[in-house]
Amino acid sequence: MASTSPSPICPDARVVSIDLGDRSYDILIGKGLMRADSFAGLPRSSQALIVTNTTVGPLYTARLREAIAPLHKQVLDVELPDGEQFKDWPALNQVFTRLLEEAADRKTVLYALGGGVVGDMTGFAAACYMRGVPFVQVPTTLLAQVDSSVGGKTAINHPAGKNMIGAFYQPLRVVCDLDTLSTLPQRELLAGIAEVIKYGPIADAEFLSWLEVNLDKLLARDHAALMHAIQRSCEIKAWVVGQDEKESGLRAILNYGHTFGHAIEAGLGYGAWLHGEAVGCGMVMAADLSARLGLIDEATSLRIRSLIERAGLPVKGPNLGAERYLELMQVDKKAEGGEIRFVVIGPLGSAGMRGAPEGVVRDVIAAHTA
Ligand code: NAD
Ligand code: GLY
């Protein structure tokens, strides 16, 4: 697993390192991290651009600006419209326009300040602008702190498929300041807990048991519980990405629940359900699929469902119709030659990828849609 060490910045903060050769970096996790020490050692440049959105910007841009001021002569910012439905070309283009208006050079550092939408778009903008400029992730949602800010997947959506246009492009550092979670709406916290839960069934059955015991503390935003959940999630993600950065195999397990989940998101229109909600429901469906394929027993599938339900996440998908689910799932990035491939659990704490007979998939859809 990835190594974790205490942070020299503040005693109760942690540093999880992700090992990717010359693209290795640290993930800092703790309270009060929006300060200069957290960004020490990052490149100095004349310009930096904070990319955020209209919700997060007014809350945290000033704090981040002050923290990175020692590194840059000029710190610019751009506020994108807020929402998954704006994870698209026009919003991305706003970033490029801002950079070009200011004649930003190729040393300009981009800072992604926000949730997964801002993080994915900023990373993609950084990968593209002048064929690549450095960027730093400052995730402000639980989902982004445990998943999207780590590992270098960057993208925008296409109306025909989620995250279909993008690049692998690693940040220089990830700074997870738990203080930012204090303003996060509860529904968004729950969506993040879905991605935390994901790591148990796919990689760590003990963590799943820990979550069953500590779920109420997480829901109440208990600091120690959040620290542990974020640290363990980042360790598992760093361990997976360290072995398979560009998803030629193992990394696909991080998409547990996502095949069904992406179909829900695209089928309803982006933004109707939160990504984490769709993944939560998708994990229930994928657990049932694993049980129907004989990879786990039904009790294990129900155990996963019960935790997701206790977390206040939806466990019944929308009634899009089986045909529409199948059609949408064929656009999934894991599909090969038109065959839909699913992340399946088995035994608990490990996962793999495989196709499934269409009849079984139809049974799963019928059993889990309202
Ligand atoms: P999000 O970025 O839309 O943020 C959720 C909401 O919370 C937004 O309204 C945002 O403005 C608001 N917000 C963010 N931080 C806040 C704060 N501290 N206080 C108050 N409000 C705050 O959604 P998300 O759940 O963070 O991310 C979902 C996105 O992440 C999806 O697009 C998904 O595809 C992507 N994702 C990417 C990866 C990856 O590996 N790159 C992994 C998982 C998910
Ligand atoms: N969230 C899936 C991945 O990073 O691969």
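Above this note sits the structure.
Residues numbered from 1 in each chain as written. Chains lettered and ligands numbered in written order. Predicted model: local features only at pLDDT ≥ 70, side-chain atom pairs only at ≥ 80, totals over all residues. Heavy atoms only, no water.

In terms of regular secondary structure, the protein chain is built from 13 helices and 12 strands. Its C-alpha atoms give the protein chain a radius of gyration of 20 Å, near enough to 21 Å, the size a compact globule of 370 residues would have. With the C-alpha coordinates aligned to their principal axes, the bounding extent of the protein chain is approximately 60 × 40 × 35 Å. Taken over 370 residues, the protein chain has a buried fraction of 58%. Here the analysis covers contacts within the protein chain between residues at least 6 apart in sequence; of these, 75% occur between residues at least 24 apart. When the accessible surface of the protein chain is split by element, carbon and sulfur atoms take 52% of a total near 13900 Å². Side chains of the protein chain carry 35 positive and 42 negative charges; the gap between the two charge centres is 3 Å. (Helix = DSSP H or I, 4+ residues; strand = E, 2+ residues; numbered from the N terminus. Rg over C-alpha atoms; globule rule 2.2 N^0.38 Å. Buried < 20%, exposed > 50% of the residue type's maximum accessible area, 1.4 Å probe, protein only. Contact = heavy atoms within 4.5 Å. Areas by Shrake-Rupley, 256 points an atom, 1.4 Å probe, with all protein chains shown as cover. Lys, Arg positive; Asp, Glu negative; His and termini not counted. Charge placed at Lys NZ, Arg CZ, Asp CG, Glu CD.)

Between the first and last C-alpha of helix α10 (residues 275-292) there are 25 Å, a value that for 18 residues agrees with the 26 Å anticipated at 1.5 Å per step. Most of α10 is tucked away: 17 of the 18 residues are buried. One or two residues past the end of α10 sits Gly-294, with phi positive at roughly 80°. (Expected span 1.5 Å × (residues − 1).)

Take unusual backbone geometry next. In this structure, Pro-347 follows Gly-346 across a cis peptide bond, with omega equal to -10°. Non-glycine residue Ala-103 carries a positive phi angle of around 50°. Taking relative accessible area as the criterion, Ala-103 reaches 59% and is therefore assigned exposed.

Along the chain, the position of His-275 falls in helix α10. A polar atom in the side chain of His-275 sits 3.1 Å from the side chain of Glu-195. Look past the residues within four positions of His-275 in its chain and what remains in contact with it is Leu-143, Lys-162, Glu-195, His-258, His-262 and Glu-265. (Polar contact = N/O pair within 3.5 Å; in protein donor to acceptor, adjacent residues only side chain to side chain.)

For the rest of this paragraph, the subject is the packing of helix α3 (residues 89-101) against helix α4 (residues 116-128). Running from N to C, α3 and α4 point in directions that differ by 55°, and their axes come no closer than 10 Å. Between α3 and α4, the crossing angle belongs to the class labelled oblique. The element α3 and its partner α4 pack so that their crossing is right-handed. The segment α3 lies against α4, with Trp-89, Ala-91, Leu-92, Val-95 and Phe-96 engaging Met-121, Phe-124, Ala-125 and Cys-128. A per-class count over the contact of α3 with α4 returns nine nonpolar, no polar and no charged. (Axes fitted to C-alpha atoms, helices over the stretch in contact; angles between N-to-C directions. Parallel < 35°, antiparallel > 145°, perpendicular 65-115°, else oblique. Left-handed = near helix turned anticlockwise from the far one by under 90°. Nonpolar A, V, L, I, M, F, W, Y, C, P; charged D, E, K, R; others polar.)

Moving on: the layout of surface pockets. In this structure, the second largest pocket encloses a volume near 170 Å³. Lining the second largest pocket are 14 residues, with Arg-23, Tyr-169, Gln-170, Pro-171 and Leu-172 positioned closest to its centre. Split into classes, the residues belonging to the lining of the second largest pocket amount to eight nonpolar, two polar and four charged. (1 Å grid on protein atoms, 1.4 Å probe; cavity = no way out; pocket = protein on both sides within 12 Å on 5 of 7 lines; lining within 4 Å. Points joined across faces, edges and corners; volume = space filled by probe spheres on them.)

In the vicinity of ligand 1 there are 28 residues, among which Glu-84, Lys-87, Thr-140, Thr-141 and Thr-183 approach most closely. Contacts to ligand 1 include Glu-84, whose side-chain N or O atom sits 2.7 Å from an oxygen atom. When the free accessible area of ligand 1 is taken as 860 Å², the share hidden by the protein chains comes to 92%. Those elements giving two or more residues to the shell around ligand 1 turn out to be α2 (56-68), α4, α5 (142-148), β9 (161-168) and α6 (186-203). Counted by class, the shell around ligand 1 contains seven nonpolar, 11 polar and 10 charged residues. (Near = heavy atom within 4 Å.)

Pairing geometry for strand β8 (residues 153-158) and β9, over five bridges, is antiparallel. Within β9, the residue paired with Ala-155 across the bridge is Gly-166. Here β8 folds back onto β9 in antiparallel fashion, the turn holding two residues. (Pairing = 2+ DSSP bridges.)

Attention now goes to the site of ligand 2. Around ligand 2, a shell composed of Asp-147, Lys-153, Lys-237, Glu-247, Arg-251, Leu-254 and Asn-255 is seen. Interatomic distance of 2.8 Å between a side-chain N/O atom of Lys-153 and an oxygen atom of ligand 2. Lys-237 has a polar side-chain atom sitting 2.6 Å from an oxygen atom of ligand 2. About the coverage of ligand 2: the protein hides 90% of its 200 Å² of free accessible area. Of the residues that constitute the shell around ligand 2, the class distribution is one nonpolar, one polar and five charged.

A full pass over the atoms with the stated rule returns five aromatic pairs. When the ring of Phe-39 is compared with that of Tyr-111, the centres are 6.2 Å apart and the planes differ by 70°; the resulting orientation is edge-to-face. With Phe-39 in helix α1 (residues 36-39) and Tyr-111 in strand β6 (residues 109-114), the pair connects residues that are 72 residues apart, well separated along the chain. Measuring from centroid to centroid gives 5.8 Å for Phe-207 and Trp-210, while their planes differ by 15°, and the two rings are stacked. Taken together, the residues span about one helical turn, with Phe-207 and Trp-210 both in helix α7 (residues 205-219) at a distance of three residues. Among the residues examined, Trp-210 registers a relative accessible area of 22% and is labelled partly exposed. The positively charged end of Lys-198 is found above the aromatic ring belonging to Tyr-199, 5.1 Å away from the centroid. (Phe/Tyr/Trp six-rings, centres within 6.5 Å; stacked < 30°, edge-to-face > 60°. Lys NZ or Arg CZ within 6 Å of the ring centre and 35° of its normal.)

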